[in-house]
Amino acid sequence: MSQVEWDMDEDIEEKPFNMKYMRRMLRYLYPYRRLMSLVVVIVLFNMLLSLSEPIILAYIIDKGIGDKNFAVITALGISLLGIRLVSWLFSWMHTRWINFTGQRILFDLRQQLFNHLQSLSFRFFDGRPAGKIMSRITNDTNAIGELINGGLITMVMEVTHLLGIVIILFWMDWQLALLSFIMMPLLYVIVAKVRPKIEGSWSRSRSTMSAINGNLNETIQGIRVVQAFSRQSNNNDKFNEINTRNKKAFMRAITLESTVYPLVEMIGMIGTCIVVWFGAIRVIDGALSLGFIMAFINYLWRFWGPLSALSKVYSQLLSAMASAERIFEVLDTDSEVKNSSNARALPPIDGGVEFEHVSFRYDDNKPNVLHDVSFKVKPGQRVALVGPTGAGKSTIVNLLMRFYDATDGSLRIDGMDVKNATLESLRKQMGIVLQDSFIFAGTVEQNMRYGNEEATDEQLRKAGESVRLDRVVAQLSDGYATEVEERGSKLSVGQRQLLAFGRVLLSDPRILILDEATSSVDTETEQHIQEALQTLLAGRTAFIIAHRLSTIRDADLILVVQDGRIAEQGSHEALMKQSGLYANLVLTQLSMQESVILQTS
Ligand SMILES: Nc1ncnc2c1ncn2[C@@H]1O[C@H](COP(=O)(O)OP(=O)(O)OP(=O)(O)O)[C@@H](O)[C@H]1O
């Protein structure tokens, strides 16, 4: 299943109301409780002001126009204007405060999620596509933000509005009030039946939109592969299908809405007509005044607005529940690899490493990937990890960096179990250069300083020279200040490798882990990389996932990994003498090199 489809299946848009989540969401409002209480008071006051308008109008008609009393008309007209001005001022204030609070809550929530995500272990990221995690930080926080800021206030406002109107209508004339609600059951049936369909279509429209985004993202990221395999036409078909689904869902939602809402208005209108009809008879009979009946109808008109606003808040509430579940799932995930309660800072290390009967599995339901791995490395030694693909070389390195903790056995650095050392003190003294080193958007200098922001300019320049990065930098338009764009896309593979060397050299780790690049670069860059490597490795304990025979031969210790076990270990000479797996590997590589030489000569 592609990531996009997986996302669609997984991301349910609405969940039933859950009090536990609600309480937890409300906790984000707690720091702003004073401001929010003030907002509620203002909103309620505004509501009362607004509810007084029809009554004032009724007085203007009956006592002003009816009795031809200009003083009443002027006084009440001015008070209407005053009410509008005060309402406008109060709405301005509460809109500002609500938005301010909403943004603060979103800010807090996003920040909390981001901080938490960064601390999570690799295992969390293993099973989750990046797009999905990103949508939690953006879309899901927005859904929660919208509810706890706009939604809840709307709820308070509209419920009081509705209650106020009903009370006033019954207070004015209970018989007319009962008459005006005669159409309510029919209205309820229509809304209850159609509303879920409309919501469903909107939700399908949103999820197909996120599928469109996912598809676009995948295509842009993989455009080289797309074009290389001439997949444009297949991709077009796939995109067309998702695009059509989105169009259909949107059209269905719009069609339903444009049918139902006028219908709702019409039913409301019928209710009003009934009131007007009976009201008119009573006005003619002299039992009711004209102003009274106008005010009554005005209140009736106001009745439908809050109803529709409340049903919107209700679906906002359900979608916030789904978002809350996803967000709290992330926030409740504890980092697996973390400092133990008795962890202490690792003092400056010499770089001795010992694996003792280490076993490991990535997933508790899957078999072990490493079995009983044991070896000892003295400070400053160079270790080459060799073996077939999927044998477990990177896994050994992952355990050394404590990206994962060993399932069984122990791992010691300078005699101290890594589980007793704080993660920061451990990782500060280790450096890692992967095959395709991740380069961040920013300048060459910013990338180099990534592991050591305090480095002086002199140290930076020296490190650049040592790893032959200076020659690369000399060719760049702005030297070290050149922007390298996202993932270092402005640099070649070899240049990125040298920059990664520079970065790790500047952070000066005692233990260095290196995944030797397999991708071929030109002979000159290759030579620079090899020279840079010698500088980088000097005086440090180094673990190299090695592919070149020359690197392997130079190592003090070679670990031959096969099926998650150390099949052989020792120096090149010792292992060659054994005539085992390693000797075979070397012979195969030599014969391959010979055939390449023969073919090219
Ligand atoms: N994050 C992960 N989650 C689950 N299984 C994994 C994960 N990473 C690796 N594996 C599995 O663990 C085994 C060892 O993988 P590892 O990456 O350590 O091999 P390797 O020797 O470094 O291979 P290569 O030379 O191809 O990089 C493989 O079977 C692989 O499928």
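Nothing here was measured: the structure is a model prediction, and the numbers come from that model.

Here's the deal with the sheet that holds strand β7 (residues 511–515)
Reading across the sheet, the six strands line up as β6-β7-β8-β3-β9-β10 and stay open at both edges, with mixed pairing between neighbours. Lying at the two open borders of the sheet, with one neighbouring strand each, are β6 (430–433) and β10 (565–570). Each strand axis lies, on average, 15° off the axis of its neighbour in the sheet, ignoring direction. One ladder, built from four bridges, connects strand β3 (residues 382–386) with strand β9 (residues 557–562); its direction is parallel. Across the sheet, the residue bridging to A384 is I558, located in β9.

Looking at the packing of helix α8 (residues 184–221) against helix α10 (residues 232–284)
One way to put it is that α8 packs onto α10 with a least axis distance of 8 Å and a crossing angle of 155°. Relative to α10, the element α8 lies roughly antiparallel. α8 and α10 meet at a crossing whose hand is left-handed. Residues belonging to the contact of α8 with α10 are distributed by class as follows: 20 nonpolar, eight polar and six charged.

Structural notes on helix α17 (residues 493–507)
Helix length check: α17 (15 residues) gives 22 Å between terminal C-alpha atoms against 21 Å at 1.5 Å per residue, within 8%. Extensive coverage of α17 is indicated by the burial of 13 of its 15 residues. Positive phi appears at D508, one or two residues downstream of α17, with a value of about 50°.

What about the UniProt feature "transmembrane region" (unreviewed entry) in the chain?
UniProt's feature table lists "transmembrane region" (unreviewed entry) at residues 32–50, 70–90, 147–170, 176–194 and 260–280, given in the numbering used throughout. From the first C-alpha to the last, residues 176–194 spans 29 Å; its make-up is 84% helix and 0% strand.

Some words on the site of the ligand
Near the ligand, the surroundings consist of D126, Y362, D363, V369, G387, T389, G390, A391, G392, K393, S394 and T395. Class assignment of the residues belonging to the shell around the ligand gives a composition of three nonpolar, six polar and three charged.

What to know about unusual backbone geometry
With phi around 45°, D372 is a residue other than glycine that occupies positive phi space. Relative to the assigned elements, D372 resides in strand β2 (residues 370–377). The phi torsion at R468 lies on the positive side, around 65°, for a residue other than glycine. Note on placement: R468 falls in the loop between α15 (457–466) and α16 (469–475).

Structural notes on the sheet that holds strand β1 (residues 353–360)
In space, the four strands of this open sheet follow the order β2-β1-β4-β5, with antiparallel pairing throughout. This sheet does not close on itself; its edge strands, each paired only once, are β2 and β5 (416–417). Sheet topology note: the β1/strand β4 (residues 408–413) ladder contains five bridges and is antiparallel. The residue bridging S359 from the neighbouring strand is D408, located in β4. Against the sheet, helix α12 (residues 393–400) engages β1, β2 and β4, with an angle of about 115° to β1.

Calculation criteria
- Residues numbered from 1 in each chain as written.
- Predicted model: local features only at pLDDT ≥ 70, side-chain atom pairs only at ≥ 80, totals over all residues.
- Pairing = 2+ DSSP bridges.
- Helix = DSSP H or I, 4+ residues; strand = E, 2+ residues; numbered from the N terminus.
- Axes fitted to C-alpha atoms, helices over the stretch in contact; angles between N-to-C directions.
- Parallel < 35°, antiparallel > 145°, perpendicular 65-115°, else oblique.
- Left-handed = near helix turned anticlockwise from the far one by under 90°.
- Nonpolar A, V, L, I, M, F, W, Y, C, P; charged D, E, K, R; others polar.
- Expected span 1.5 Å × (residues − 1).
- Buried ≥ 20, exposed ≤ 12 C-beta atoms within 10 Å, placed from the backbone.
- UniProt positions renumbered as here; feature names shortened; annotations may be inferred.
- Near = placed C-beta within 6 Å.
- Contact = placed C-beta atoms within 7 Å.

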